[in-house]
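Working through the structure, step by step
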Amino acid sequence: MTSTTHRAALRRAVRAGLAFGPVLQDRARLLRVALGICLATALGLVLGDELVETLLCVGAFFGGVGSLIPHERHRFVVAWASAAMFTIAASVGAALHAVWPAVYVVLFAGMFASGLLRVVSVGLGVRLLFASIVMLIVAETVPAVATAGEAVGWIGLGAAISAACQFLPPYGPRHGTQRLAVSGLYDALALGAQEKAGGIDQRRSYAAPLRAAWRAVSLLPARRQAHVADLLGLLTEGERIAGDLHAMRTGEPTLRASAEQLRVVATAVRTAEPPTGPTPPAGSGPLGESVAVARRLASGSPVESAQPEHTGVLVDLRASLARTIATVRAQLRWESPVFRHAMRLAVAATLAEWVGRAAGDWGGIGIAGHGFWMCLTAALVLFPDYAETIGRGVARTAGTLVGALVGWGLAQVPTSPLVHAVILCGLLAGYLVFRGSGQLWLIMWIAAWVSYLLGGGSAFTRLVDTVGGAVIALAVFLVWPTWHRDRLPAAFATWAREQGSVLATTATAWVAPGSADDAYLAEQRRATRDARLEFAETAEHALHEPTRHHVAFDDEPLGELLGLVHDVSRRSSTLAALAPHDGAEACPAAAGYVTYFDDVMRSVATTAETGVLPGGQVTAPPPRVCGDALADTAQATEALAAAVVRFAAERS
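The present account deals with the structure reproduced in this document. Since we're looking at a predicted model, the values are computed, not measured.

The next subject is the overall build of the chain. The helix and strand inventory of the chain stands at 24 helices and zero strands. Of all 652 residues assigned to the chain, the portion counted as buried reaches 50%. Residue pairs in contact within the chain that sit at least 24 positions apart in sequence constitute 82% of those at least 6 positions apart. If you sum the accessible surface of the chain, you get close to 28,000 Å²; carbon and sulfur atoms cover 63% of it.

Further remarks concern helix α10 (residues 229-247). End to end, α10 covers 28 Å across 19 residues, agreeing with the expected 27 Å (1.5 Å per residue, within 8%). The buried fraction of α10 amounts to 14 of the 19 residues, a majority that puts the element mostly inside the structure.

Before going further, it helps to examine the nonpolar core. Buried together is how nonpolar side chains tend to be arranged in soluble globular proteins. Membership of the largest hydrophobic core comes to 88 residues, with the highest contact counts inside it found for Ile-37, Phe-61, Phe-62, Met-111, Trp-373 and Trp-449. The residues contacting Trp-449, other than those within four sequence positions of it, are Cys-57, Val-58, Phe-61, Leu-424, Leu-427 and Leu-428. Listed in part, the 43 residues of the second largest apolar core include Ala-496, Leu-561, Leu-562 and Cys-587.

By the definition in use, this model includes one disulfide. Take Cys-57: it sits in no disulfide, and the sulfur closest to it among the cysteines is that of Cys-425, at 5.6 Å. On the accessibility criterion, Cys-57 (1% relative accessible area) is buried. Distance from the sulfur of Cys-425, which forms no disulfide, to the nearest cysteine sulfur (Cys-38) is 4.1 Å.

Under the defined criterion, the tally for this structure stands at 19 aromatic pairs. On the basis of an interplanar angle of 35° and a centroid distance of 5.7 Å, the ring pair of Tyr-593 and Phe-597 is categorised as tilted. In this pair, Tyr-593 and Phe-597 are both assigned in helix α23 (residues 591-610), four residues apart and thus about one turn of the helix distant. The same class applies to Tyr-593 and to Phe-597, which are both buried. One aromatic cluster in this structure is built from Phe-61, Phe-62, Phe-86, Tyr-431 and Trp-449. Sitting over the face of the ring of Trp-100, Arg-357 holds its NZ or CZ atom 3.8 Å from the ring centroid.

Each value, and the rule that gives it
Counting from 1, residues in each chain are numbered in the order their sequence is written. Reporting of local features is limited, given that this is a predicted model, to residues whose pLDDT is at least 70; pairs of side-chain atoms are given and counted only at 80 or more, and all residues count toward the totals for whole chains, interfaces and linings. Excluded from the side-chain calculation are hydrogens and water; included are all heavy atoms of the structure. Put simply, DSSP marks the helices as runs of H or I at least four residues long and the strands as runs of E at least two long, and each gets a number from the N terminus on. Buried residues are those whose accessible area, probed at 1.4 Å on protein chains only, stays under 20% of the maximum for their type, while exposed residues exceed 50% and partly exposed ones sit between those limits. Only heavy atoms matter for contacts: two residues are in contact if any of them lie within 4.5 Å across the pair. Accessible surface area values rest on a Shrake-Rupley calculation with a 1.4 Å probe, where residue burial reflects the displayed protein chains alone. For a helix, the expected span equals 1.5 Å multiplied by the number of residues minus one. Nonpolar cores were defined as sets of buried Ala, Val, Leu, Ile, Met, Phe, Trp, Tyr and Cys residues, with membership established by side-chain atoms within 4.5 Å. Sulfur atoms of two cysteines make up a disulfide when they are within 2.5 Å. Each Phe, Tyr or Trp ring (for Trp, its six-membered ring) is paired with any other whose centre lies within 6.5 Å, and the angle between the two planes then decides the class: stacked below 30 degrees, edge-to-face above 60, tilted in between. In this scheme, the term charge over a ring applies when either NZ of a lysine or CZ of an arginine sits within 6 Å of the ring centre and within 35 degrees of the ring normal.

Following this line, the structure appears as structure tokens:
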């Protein structure tokens, strides 16, 4: 068995944190944000007040960031909601600036809620995190720079100017947010195929882009689901392609052509324009077939879709709110990794703010009363997993060192209002260009901007606060960690039970077509998909953690298990697609499979979760009946069961 040492895991995390990514991602969005910042700064320049100019620029920056954070709603709605959220947060900070116990309470609650809401939407959680930071910054700085109401007004106006720029073209196709999420999935698949073609295996699960795409599409009301049937089909094929890529060896000759076609699909989905040029012949194997199907769907080939019953806007909103509340409530338990992350985030951010303020002015070198940078560092470094927490800590520290020195140097240059405006906009333009290139480059421009805004004397403070915030974040993570390898058995068992239930229900549909309730079966499949993505994402995080003693799965068994899970999921989809639709096609002889699927998957779940080998006679699959689909699915579940038993025996 292969395993990952602590040194190797640390080296990999640091290398990933310092990696350089592409620049100028999504140029239209960046240009709208840049224009908003420039217009707000220009307004301050015309008014002839450098403080107003700075506050307008700050408001426009935060308003623009709100529109750049990943979202599942229309950009107009997101931009104005973000501007309103940040303005309200600034108002709260201004109102509480003299009552620091209340500031700490609001900061703790905001950070906890932002960590908890990641389970609903990562973008929503990040926006709430930034709103908490805005509240904190205003609470610290407003008493020193202006009256509270005046400062909040200028910040709100800057955010509104940035939000107004979101009405500028290009406008994109209908359901643009959903298309962007699905195209993002295919971009990730294309990158994975290209890496494998070049002999690099990053061991991607694609669970994060899959979750984001499913969430974006599911946010559409039921009455509009039929309009995005092509996107739903592309999501299904995307899941299959992700599994096929996992199963393929690095360096396969067909991978490069698949990567090119996946990029074509991503572009077609994003622009809602069919791919140009002749359709290439379908590649061999499951991957080639799935890529060919995805290209046909992106070309606008008709997709069968049931017309959902129109339930009304209010009913859709109530159902969406009920699902959100149920999702959040399910995480309110000590063993939940989401709850753990939310609690760690709240404790680390609040502790970092207290330490930053208690440190004073560092013996006259820094700036007294400004602890928000340490809090910001701790909040942005602390992630739910080991690798990103380590990688971000190193990258942010290095970026802050360079940025603080750049800001200090710029602050030494004699400026006029015009030069001041040019420097502010130039530094934020650098942030926009390099925001997708990695934490080091992103934070370098932000650190330079903040250091320049505060007169350059904060260079030392920014550096020490960054190191302190990163240390606090790492310490809090290690005191109460979430080791994803420890979560693997439970995550796998949850999927196995859900998948067994779906297989049993599907087999029942073979015996008695029409007996299964469509809504119930759809909910079963959704729960199974969520459980499978949760297991895949947990496995991806685990592969980047150091392997400790007495874990259920080392790297090699985990890779094999992911392939078997994909195979069972694929067979299950095929079984459902081939199920008879009327009584004339019923297969009463398939009754034995109903019990078999449920029993074998429950046994697999118990063995993986407890490590106890199954006792007694192993359930044998029924004989082959009604074609090959049932027997092929049974064979896939039998292979999965044998592998889980073998892994349990090796660890015992």
